[in-house]
Amino acid sequence: MIGKTDKGAYEDMSSALLGHCLVIDTSYGSCVGIVGCSPIVEADSRCHVEKLQVNIDRAISDAGLGYGDLDTVIVGTGPAPFTGLRAGIVAARSLAFAEDIRIIGQDILEPQALWRSWARQGEPGNHDNGDSGTYHLTLAVNDARRKQLYYALYGEARPGSGYARPADSRDTLSDIFIPMDIASAEDIADSVLSYLSSHSAEICAQAGRSRIAVDVVGNGSKKYRFAWDIFGDSLGQVVEGTCLSDRSPEGLGIFARTAWAHCRAGDACGTEPLYLRRPDITIPSAGKHRLGQTSISLSLGSGTEEPALS
């Protein structure tokens, strides 16, 4: 049965705000769990879709619940590659429709930033992490394959976020300094460095800090570790994984609280998948023609015409 964990009253949050809440995410492998319990994580993206329904059944059963006991489904909306992401969203939508329960969508990057803040502070609700002169930015990433990463740059959790209690206002979230996008690791690092060059003084002045450190967290962060060296002394910790892949009730709770905070604030909490690119687009190799980059003549009868480019 659902019970309280050592670091937070997740049972209280579940019953008071979301009821019995199931989290489903297939942005990288899969994670399924009832808020208040340890989630079931499948790291192997080659088989997570086949195991998804089995793991949903198991997560609900392990919590001592049945499908009819569920009140809310929170589903990860990416950003992530097309095939794996849609499996979780379809499963969540189908379950919500069949049981006539609430469904909330949540991107996976923002909870990673909050999870990193939570880890830095040592314990929920403690904003004095012994590094009061440094303002920590979190570069949250997810492996997009094709030598690219999804990413966004976040500030620290806003003062008063209170990780030790359920999230109940917009103040639980982080400021977004660079919006969600997709690029190569090198281009991401260049973008962040350019942003810091222009805004570091302003950020430090507003936060009352003397320097900035950039933590990089998410799937693919260590794979592309070489790209972050450009940050020099401003590079903080590089952490592989997410609040869902750490397999803890706390990580699952952070994901759910972030979604609920957006919902309570009246933000859009839809379940449309965040691909950030069309699923049929590939990156051409260097030797292949790219439409619009070279002149191609098409033989039409006795003459030639340049193809119209839209």
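Scroll up for the structure.
For clarity, every value in this text was computed on a predicted model and none was experimentally measured. (Residues numbered from 1 in each chain as written. Predicted model: local features only at pLDDT ≥ 70, side-chain atom pairs only at ≥ 80, totals over all residues. Heavy atoms only, no water.)

**Q** Account for the pairing of strand β6 (residues 134–145), naming residues and giving values.
**A** With 11 of 12 residues buried, β6 lies mostly within the body of the structure. The sheet contact formed by β6 and strand β9 (residues 211–219) spans 9 bridges and is parallel. Bridging from a neighbouring strand, Val141 pairs with Gly218 of β9. Connecting β6 to the next strand, strand β7 (residues 148–157), in antiparallel fashion are 2 residues, including Arg146 with a positive phi near 55°. (Buried < 20%, exposed > 50% of the residue type's maximum accessible area, 1.4 Å probe, protein only. Helix = DSSP H or I, 4+ residues; strand = E, 2+ residues; numbered from the N terminus. Pairing = 2+ DSSP bridges.)

**Q** Which residues make up the pairing of β7, and what values do they have?
**A** Here β7 lies mainly inside the structure; 10 of its 10 residues are buried. Note that β6 and β7 share 7 bridges and pair antiparallel. Within β7, the residue paired with Val141 across the bridge is Tyr151. As defined by bridge partners, β7 adjoins strand β8 (residues 174–183) across 6 bridges and the pair is classed as antiparallel. Within β8, the residue paired with Ala157 across the bridge is Ser174.

**Q** Please provide a residue-by-residue account of the packing of aromatic side chains, values included.
**A** The tally for this structure, following the rule as stated, stands at 4 aromatic pairs. Each ring, one from Phe82 and one from Tyr275, has its centre 4.9 Å from the other, and the planes form 55°; the classification is tilted. Of this pair, Phe82 sits in helix α3 (residues 82–99) while Tyr275 is found in the loop between α6 (249–264) and β11 (298–300), placing the two residues 193 residues apart along the sequence. Phe82 gets classed as partly exposed once you look at its relative accessible area, which sits at 28%. (Phe/Tyr/Trp six-rings, centres within 6.5 Å; stacked < 30°, edge-to-face > 60°.)

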